[in-house]
Amino acid sequence: MEGEPISAPVHTCSGAGRGQSEDQRPEDDRPATQKLGVQLRPHMKTHKTLECADIMTGGSRRCIVVSTLAEACFYADHGFDDILYAYSLPFDKVERCAALSERLDLFQVLLDHPDALELLRKRPLRDGRQWHVWMKLDCGNGRAGVLHSEPGALRLAQDIAKTEGVELTGVYAHCGNTYGCRGVEQIHAVAQETTDLTLQFMEKLKAVGISCKSSIGSTPSCSHPVKDMAQLSEVHPGNYVFYDVQQSTIGSCSLEDVAVRVLTRVIGHCPHRNQLLIDCGWTGISLDGAGKLPTGYAVIEGHPNLKLVSVTQEHGRVEPMSGQLDYSRYPLGSLLTLIPYHSCAAAAMHPVYHVHSGGRLVGKWTPTRGW
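Residues numbered from 1 in each chain as written. Predicted model: local features only at pLDDT ≥ 70, side-chain atom pairs only at ≥ 80, totals over all residues. Heavy atoms only, no water.

### Focus: the overall build of the protein chain
For clarity, the cut-off: Labels follow the DSSP assignment, with helices taken as runs of H or I lasting at least four residues and strands as runs of E lasting at least two, numbered in each case from the N terminus. Only C-alpha atoms enter the radius of gyration, while the globule expectation follows 2.2 Å times N to the 0.38, with N the number of residues. Relative accessible area decides the class of each residue, using a 1.4 Å probe on protein chains only: under 20% of the type maximum gives buried, over 50% gives exposed, and in between gives partly exposed. Any two residues whose heavy atoms approach within 4.5 Å are treated as being in contact. For accessible areas, the Shrake-Rupley method is used with a probe of radius 1.4 Å. Any residue's cover is judged against the shown protein chains and nothing else.
Assigned secondary structure in the protein chain consists of 11 helices and 18 strands. Here the protein chain has a C-alpha radius of gyration of 22 Å; the compact-globule value for 371 residues is 21 Å, and the two agree. Each principal axis of the C-alpha distribution contributes one length, and for the protein chain these read about 70 × 40 × 40 Å. For the protein chain, the proportion of its 371 residues judged to be buried stands at 54%. In the protein chain, of all internal contacts separated by at least 6 residues, the share reaching a separation of at least 24 is 65%. As presented, the protein chain carries roughly 16000 Å² of accessible surface, and 50% of it is formed by carbon and sulfur atoms.

Spelled out as structure tokens, the structure:
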């Protein structure tokens with residue numbers, strides 16, 4: 001079973017509550033997006049499956065975010081629409097984006113550079129269709145996006161809005177800097193700053209006669225939203241559907257909320273090193289999280305004294321935090337359950353997810369792969 005993550009019952013949305021229907025939930029346990037009154041546009045990048053997408057969209061198969069064109073095509077092929085390809089437009093993928101734009105009712109692209117806009121201008125869509133464009137705004141995350149404070153940000157938005165065959169659909173900001181937070185207070189501070197800067201930019205647009213949507217997102221900010229996020233059009237978290245150890249350390253969730261596991265077998269006893277050898281290396285759980293946890297590369301469920309100290313391609317080394325291993329507790333062939341540091345990275349290593357409820361296997365989900 002090494003190489004196959006096991007997911008517990010999946011979260012339908014932040015704060016949705018376990019095993020409760022909408023009308024059964026107490027008022028203060030409604031999903032965060034319902035409390036805010038904004039549209040949820042969930043990101044598919046963590047799981048990349050149809051089943052999870054249906055859960056996240058409530059079966060509507062509308063209003064999603066993807067990070068690759070492989071994901072976009074996969075969901076389009078299975079009846080999804082209103083898809084936002086939230087990756088700064090790759091210059092070599094314009095034709096593939098055009099094909100999706102001409103095929104779906106609503107396929108949307110994202111850009112943060114005038115050169116990308118020029119590529120869209122040079123590739124008009126058929127049948128009078130328009131390119132639907134979101135402009136990526138950097139509000140402190142420091143990755144992609146045009147910096148909110150740069151005069152070029154407003155100029156780019158104006159250029160998008162006035163370009164023939166192109167519509168400025170929205171402004172998109174990812175507050176990934178919440179991943180450096182520890183605790184709800186810090187999450188709120190980043191979420192507030194990102195919201196404020198986005199809304200301030202929307203006021204600049206309004207002043208020059210431009211009206212469009214606004215969206216921010218990250219799992220921490222949407223797990224603990226600030227009230228002003230209600231002034232946005234949409235939010236776009238993704239990792240929340242599984243959560244992971246990283247999110248529990250940030251403060252997005254508790255460890256009990258994490259809905260993904262990797263099973264591994266004990267395949268060797270190494271008394272001369274006071275270690276166990278397991279059949280899960282970085283191909284089963286990824287290298288993400290190295291050195292960030294006292295328990296090593298993952299949390300070993302039910303064994304707080306064990307640490308996954310190192311991983312090679314197909315092997316892992318486990319040792320106690322202190323004292324000597326009692327090898328009788330870990331016979332060869334016995335199973336250990338790993339809770340990944342980063343569920344997006346761990347899930348990306350596997351061709352299938354085994355879904356269980358109450359210890360009973362209820363399904364297998366197959367994710368899409370590629371770019």
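### Quick word on the environment of G170
With respect to the secondary-structure elements, G170 resides in strand β8 (residues 166-174). Separated by 36 residues in the primary sequence, G170 and W134 place their C-alpha atoms 4.6 Å from one another. Setting aside chain neighbours within four positions, we find G170 in contact with V133, W134, M135, C212 and K213.

### Here we look at the packing of aromatic side chains
Note the threshold: Note on ring pairs: Phe, Tyr and Trp rings are taken, using the six-membered ring of Trp, and paired if centres are within 6.5 Å. Classes follow the plane angle, with under 30 degrees stacked, over 60 edge-to-face and the rest tilted.
Scanning the model with the defined rule gives 5 aromatic pairs in all. Summarising the aromatic geometry, the rings of F74 and Y75 are spaced 5.1 Å apart at their centres and angled 75° between planes, so their arrangement reads as edge-to-face. Neither F74 nor Y75 differs from the other in exposure class; each is buried. When the centroid spacing of 5.0 Å and the interplanar angle of 70° are considered together, the rings of Y75 and F80 count as edge-to-face. Side by side, Y75 and F80 carry an identical accessibility label, which is buried. Taken together, the aromatic side chains of F74, Y75 and F80 make up a single cluster linked through ring pairs.

### Notes on the pairing of strand β5 (residues 107-111)
Heads up, the condition is: The pairing criterion is simple: DSSP has to find at least two bridges between the two strands. Look down the strands so they point away from you; if the path from the first strand over the helix to the second goes clockwise, the crossover is right-handed.
Buried residues dominate β5, accounting for 5 of its 5 residues. Burial along β5 is two-sided: the residues F107, V109 and L111 and Q108 and L110 are all buried. Note: strand β4 (residues 81-88) against β5, 4 bridges, orientation parallel. Residue pairing in the sheet places S88 in a bridge with L110 of β5. Of the crossover connections in this fold, the one passing from β4 over helix α4 (residues 94-103) to the parallel β5 is right-handed.

### Observations regarding helix α3 (residues 69-77)
Most of α3 sits inside the fold, with 7 of its 9 residues counted as buried. Residues L69, A70, E71, A72, F74, Y75 and A76 constitute the buried set of α3. Just downstream of α3 lies G79, where phi reads positive at about 85°.

### Quick look at the packing of α3 against α4
Our working definition: As a rule, the C-alpha atoms of each element are fitted with a line to give its axis, helices using only the stretch in contact, and angles between N-to-C directions run from 0 to 180 degrees. Here the word oblique covers every angle except those under 35 degrees (roughly parallel), over 145 (roughly antiparallel) and from 65 to 115 (roughly perpendicular). Working rule for handedness: look at the near helix, and if it is turned counterclockwise from the far one by less than a right angle, call the crossing left-handed; if clockwise, right-handed. Note on residue categories: nonpolar means Ala, Val, Leu, Ile, Met, Phe, Trp, Tyr, Cys or Pro, charged means Asp, Glu, Lys or Arg, and polar means any other residue, Gly included.
Running from N to C, α3 and α4 cross one another at 25°; their axes reach a closest spacing of 11 Å. Here α3 is positioned roughly parallel relative to α4, judged by the angle of their axes. The hand of the α3/α4 crossing is left-handed. Contact with α3, carried on its side by L69, A70, A72, C73, A76 and D77, involves R96, C97, L100 and R103 of α4 and no other residues of that element. When grouped by side-chain class, the residues that make up the contact of α3 with α4 number 7 nonpolar, no polar and 3 charged.

### Notes on helix α6 (residues 151-162)
Rules: One fewer than the residue count of a helix, multiplied by 1.5 Å, yields its expected span. In this description, one arc is meant: the one made by directions from the helix axis to the C-beta atoms.
The end-to-end C-alpha separation of α6 is 17 Å, in line with the 16 Å expected for 12 residues at 1.5 Å each. Listing the buried residues of α6 in full gives A153, L156, A157 and I160. Seen along its axis, α6 keeps its buried residues to an arc of 100°; they face one direction. Turned more than 90 degrees away from the buried face of α6 sit P151, R155 and K162, all of them exposed. Residues of α6 that are buried make contact with β5, α5 (114-122), β6 (131-138), β7 (146-147), β8 and α7 (184-207).

### Examining the packing of α6 against α7
Helix-helix packing is described using two parameters, namely the angle between the two axes and the distance between the axes. Closest axis-to-axis distance for the α6/α7 pair is 11 Å, and the angle between their directions is 55°. Relative to α7, the element α6 lies oblique. In the crossing of α6 with α7, the sense of the turn from one axis to the other is right-handed. For the pair α6 and α7, contact is made by A153, L154 and A157 and by F201, K204 and L205, respectively. When its residues are assigned to classes, the contact of α6 with α7 shows 5 nonpolar, no polar and 1 charged.

### As for the pairing of strand β15 (residues 316-320)
Residue alternation in β15 divides its side chains into a buried set, G316, V318 and P320, and an unburied set, R317 and E319. Judged from the 3 bridges that link them, strand β12 (residues 275-278) and β15 form a sheet pairing that is antiparallel. The residue bridging L276 from the neighbouring strand is V318, located in β15. In terms of strand pairing, strand β14 (residues 306-311) meets β15 through 5 bridges, oriented antiparallel. If you follow L308 over to β15, its bridge partner there is V318. Count of turn residues in the β14/β15 antiparallel hairpin: 4 residues.

### Focus: the side chain of E71
Its location among the elements puts E71 in helix α3. In this view, E71 contacts M44, K45, K48, V66 and T368; residues no more than four positions away in its chain are not counted.

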